[in-house]
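These are the residues of each chain, in order.
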Amino acid sequence: MTDAPSPHTTQAPPARDTGTRATAALLVVLLGSFMDLLDATIVTVAAPAIAQDLAADHTQIQWTIAAYTLALGTGLITGGRLGDQHGRKRLFTIGLTGFMTTSALCALATDPGTLIGMRAGQGLTAGIMVPQVFGIIRATFPPGERAKAFGAYGATQGLASVAGPLLGGLLVDADLFGLGWRTIFWINVPVSILALAIGAKTLPESRSASTTRLDLPGALLAATGIFLLLLPIIQTQTWGWNWTGYALLAAGTLLLTIFLAHERRLTRRGDEPVLDPALLRIRAFTVGLSASMLFFGGIGPSFLTLSLYLQNGTGRTAWQTGLVILPYALGSIITSGLGVALATKAGRTLLITGSLTIAASQLALWYIVKDGNEPGYWPLALALLAGGLGLGLAAPILVNVVLAGVPGRNAGAAGGVLSTVNQIGGAAGIAVLGTVFFTSATDPATTAPALPAYSHALGIVLIASTALYLITALVMLALPKTATTNAE
């Protein structure tokens, strides 16, 4: 069913330029998206150095990681609607400027409390910036060109998920200018300045024609509900699963149910909600959200645990770990162009093929590490290359499929929902599989992790990840056969 949202919020049609200007605009929003996804994972690798330099305890390090994800997740849907109402270029620029500023303040932090606060600021400003990407792409490219643009976004999303551990380890080991871990935040500043300079000249402005005020009660309900849902998931390793966590999950679910009821009531009386409930009646959107949450929910924990296994288990340096992971990124680059080119003819087939290829890659990695001995470079690299080939087939198309039938006037809100779902999926994957890994990675005889224990723990994660991608492939059977993005 593809019922469109109410017609009172028509998209103001912007002038489009699919030449150099459009390519530059796409580069700007992809840089913003890449930095956001990178900062969600890069701190994990730098955590030991941060803890030593700032004398931070385990709880403070956990909150340095969690503050970003929590703040980002609570702001995405509202940030998307603000862009729809007040201008997507304007909100993207505000968000990117804030992200750059808070990144610099993270790099300057001299105590754990300041770093945690600035990480929350990073997440809030990213929550303003990221949802605008989808609307800006739709305003920049005509329907026939959007598949390639969204495909580039999907490929960037997949690469950024892999790049966090790789780039984080490289920057910390390189110790550029004696800055150590602080370079993982300083690097955002010149990249943001470049994006702001190019974006000022190339990003088109677009917004909904509606002048209705922001649905503040709906925004508060959505933000609070998502916060309560994410908090116990992110804090699993610290809190464990207890009645407090289950109570927060229940409260978050209840608030989100109330939020949807509130949005339906607003729609019936002709007001503009934060999230138009009619979006949830678009089959490609709702099924695609489920597939996307499962798909990206498996990438984060796989690479987090693999990085820990390679560094702490086999004794590889961060640089050597990056070289092992590099073939995954190369594989995704090789096939992402093919995936985008064939999306309109065989989108669903490529999504399923990509998911099954990743599942096969995870199974191959399990076979390589299961005996507890240190594996050589090439077996790991070849298995990861296969996974990257699968990622390149699926990730670029998935965004197209999810947003295919979404009207342009709701692009920001829909983009916010997609990003929120991916955040929840990634957080849940890391919480569940990360907890399994850390629980299994200690050798009871020595009370210290050893290679056999790490191999056993990673093996459990890889088997679970294999099952996850098989389930993802089954969910994708319910998606449309082709991926098109023609809705205005």
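Not measured: the values here are computed from a predicted model. One numbering rule holds for all chains: residues counted from 1, following each sequence as written. Selection of residues for local features in this predicted model requires a pLDDT of at least 70, selection of side-chain atom pairs for listing and counting requires 80 or more, and totals for whole chains, interfaces and linings are taken over all residues. The side-chain numbers reported here are obtained from all heavy atoms of the structure, hydrogens and water having been left aside.

A. Examining the nonpolar core more closely. Formed by 107 residues in total, the largest nonpolar core has its most connected members in F92, I137, F285, F295 and L403. Contacts between residues were defined by any pair of non-hydrogen atoms, one from each residue, lying within 4.5 Å. In this structure, F285 is in contact with L279, L280, V402, L403, V406, A414 and V417, ignoring residues within four places of it in sequence. Take the buried Ala, Val, Leu, Ile, Met, Phe, Trp, Tyr and Cys residues and link them wherever side-chain atoms come within 4.5 Å; each set so joined is a nonpolar core. Each residue is placed in one exposure class: buried if its accessible area under a 1.4 Å probe, protein chains only, is under 20% of its type's maximum, exposed if it is over 50%, and partly exposed if it falls in between. Grouped together as the second largest cluster of nonpolar side chains are 18 residues, A47, I50, A56 and L171 included.

B. Representation of the confidence of the model for the chain. Across the chain, the average pLDDT comes to 82, with 90% of residues at or above 70. Residue-level confidence of the predictor is what pLDDT reports, using numbers from 0 through 100. We count a stretch as a helix when DSSP gives it H or I for four or more residues in a row; a strand needs E for two or more, and each element gets its number in order from the N terminus. Of all the helices and strands in the chain, helix α10 (residues 236–239) carries the lowest mean pLDDT, 70, while helix α3 (residues 88–108) carries the highest, 95. Throughout residues 1–15 the model reports pLDDT below 50, and contacts reaching past four residues in sequence, or to other chains, amount to 42 contacts.

C. How the structure looks around the packing of aromatic side chains. Between rings of Phe, Tyr and Trp, where Trp is taken as its six-membered ring, a pair exists when centres lie within 6.5 Å; planes separated by under 30 degrees are stacked, by over 60 edge-to-face, and by other angles tilted. Inspection of every chain in the model, using the stated rule, returns six aromatic pairs. With 5.1 Å between their ring centres and 80° between their planes, F295 and F296 make a pair best called edge-to-face. Each member of the pair, F295 as well as F296, carries the same accessibility label: buried. Here F295 and Y469 contribute two aromatic rings whose centre-to-centre distance is 5.6 Å and whose plane-to-plane angle is 90°, an arrangement assigned as edge-to-face. Of the two residues, F295 sits in helix α12 (residues 283–313) while Y469 sits in helix α17 (residues 451–476), which places them 174 residues apart along the sequence. Using a relative accessible area of 0% as the deciding quantity, one classes F295 as buried. Residue class for Y469 comes out buried when judged on its relative accessible area of 1%. An aromatic cluster of three or more residues is present, and its members are F295, F296 and Y469. Think of it as a cone above the ring: NZ of Lys or CZ of Arg counts as a charge over the ring if it is within 6 Å of the ring centre and within 35 degrees of the ring normal. A cation over a ring is seen here: K370 above W366, with NZ or CZ 6.0 Å from the ring centre.

D. Quick look at unusual backbone geometry. Look at D175: it is not a glycine, yet its phi comes out positive at around 50°. Along the chain, D175 turns up in the loop between α6 (143–174) and α7 (183–186). One non-glycine residue, F177, lies in the positive phi region at around 55°. By secondary structure assignment, the location of F177 is in the loop between α6 and α7. Residue classification places F177 among the exposed positions, given a relative accessible area of 79%.

E. Just a nonpolar patch on the surface, in detail. Like-charged residues within 9 Å of one another, or nonpolar side chains (Val, Leu, Ile, Met, Phe, Trp, Tyr) within 5 Å, are grouped into patches, provided each residue has over 30% relative accessible area and no salt bridge. Residue burial considers only the protein chains on display, and all accessible areas are found by Shrake-Rupley using a 1.4 Å probe. The rule for a salt bridge is simple: a side-chain nitrogen of Lys or Arg has to be within 4 Å of a carboxyl oxygen of Asp or Glu. A cluster of nonpolar residues, L170, W319, L323, L326, L330, I333, Y377, W378 and L382, forms a patch on the protein surface that exposes about 870 Å² of accessible area. For the nonpolar patch, the secondary structure elements donating two or more residues are α13 (318–341) and α15 (377–403). Here the nonpolar patch takes five residues from α13, the largest share from any one element. Positionally, Y377 belongs in helix α15. On the basis of relative accessible area, Y377 is assigned to the partly exposed category, the value being 31%.

F. Fine view of the pattern of salt bridges. The full count for this structure, using the stated rule, is three salt bridges. The partner of D39 in a salt bridge is R119, and the shortest N-O contact between them spans 4.0 Å. One end of the pair, D39, is in helix α1 (residues 20–54); the other, R119, is in helix α4 (residues 112–129), with 80 residues separating them in the sequence. The buried category is assigned to D39, whose relative accessible area is 0%.

G. Expanded view of the layout of surface pockets. As a volume, the second largest pocket reaches approximately 480 Å³. In terms of lining residues, the second largest pocket is bounded by 19 residues, among which L256, L260, V417, V421 and I424 are the most central. When contributions to the lining of the second largest pocket are tallied by element, the ones reaching two or more residues are α9 (216–234), α11 (243–268), α12 and α16 (411–440). Top element by residues in the lining of the second largest pocket is α11. It accounts for five residues. Basically, the charged four are Asp, Glu, Lys and Arg, the nonpolar ten are Ala, Val, Leu, Ile, Met, Phe, Trp, Tyr, Cys and Pro, and anything else, Gly included, counts as polar. Per-class residue counts for the lining of the second largest pocket are 14 nonpolar, five polar and no charged. The pocket and cavity definitions rest on a 1 Å grid over protein atoms only: a 1.4 Å probe that fits but cannot leave marks a cavity, an open set with protein on both sides within 12 Å along at least five of seven lines marks a pocket, and residues lining either have an atom within 4 Å of a point. Grid points are joined across faces, edges and corners, and a volume is the space filled by probe spheres set on the points.

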